[in-house]
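The residues making up each chain are set out below.
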Amino acid sequence: MAVPKRKKSKSKRNKRRTHQRVMGTNLSACPQCGEAVLSHHACASCGTYKGRSVIE
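Rules used in this analysis
- Residues numbered from 1 in each chain as written.
- Predicted model: local features only at pLDDT ≥ 70, side-chain atom pairs only at ≥ 80, totals over all residues.
- Heavy atoms only, no water.
- Helix = DSSP H or I, 4+ residues; strand = E, 2+ residues; numbered from the N terminus.
- Contact = heavy atoms within 4.5 Å.
- Buried < 20%, exposed > 50% of the residue type's maximum accessible area, 1.4 Å probe, protein only.

J.: What am I meant to see in the side chain of T48 here?
T.: By secondary structure assignment, the location of T48 is in strand β3 (residues 48–49). With near-sequence residues (within four places) excluded, T48 lies in contact with C30, Q32, A42, C43, S53 and V54.

J.: Would you explain unusual backbone geometry in this entry?
T.: If a residue is not glycine, its phi is most likely negative; likewise, a peptide bond is most likely trans. One non-glycine residue, H40, lies in the positive phi region at around 65 degrees. Here H40 lies in the loop between β2 (36–38) and β3. Among the residues examined, H40 registers a relative accessible area of 69% and is labelled exposed. Positive phi, normally seen in glycine, also occurs at K50, with a value near 55 degrees. As for its position among the elements, K50 is in the loop between β3 and β4 (52–53).

J.: Honestly, the environment of T48 in this entry has me stumped. Any pointers?
T.: Judged by its relative accessible area of 14%, T48 falls in the buried class. C-alpha of T48 to C-alpha of C33: the two residues are 15 residues apart in sequence and 9.3 Å apart in space.

Written as structure tokens, this is what we have:
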């Protein structure tokens, strides 16, 4: 079995993990009411999606 010869430093470990961070959600403004809404989702406050009413 392969065993490392030297201990990896903290900076090497952290450089390897740079892409494993948690990303925030992308919010956009609803064109009807201006409320923050997830992309590809209906607006919770006014109930519109792509310019038409889908929730009463």
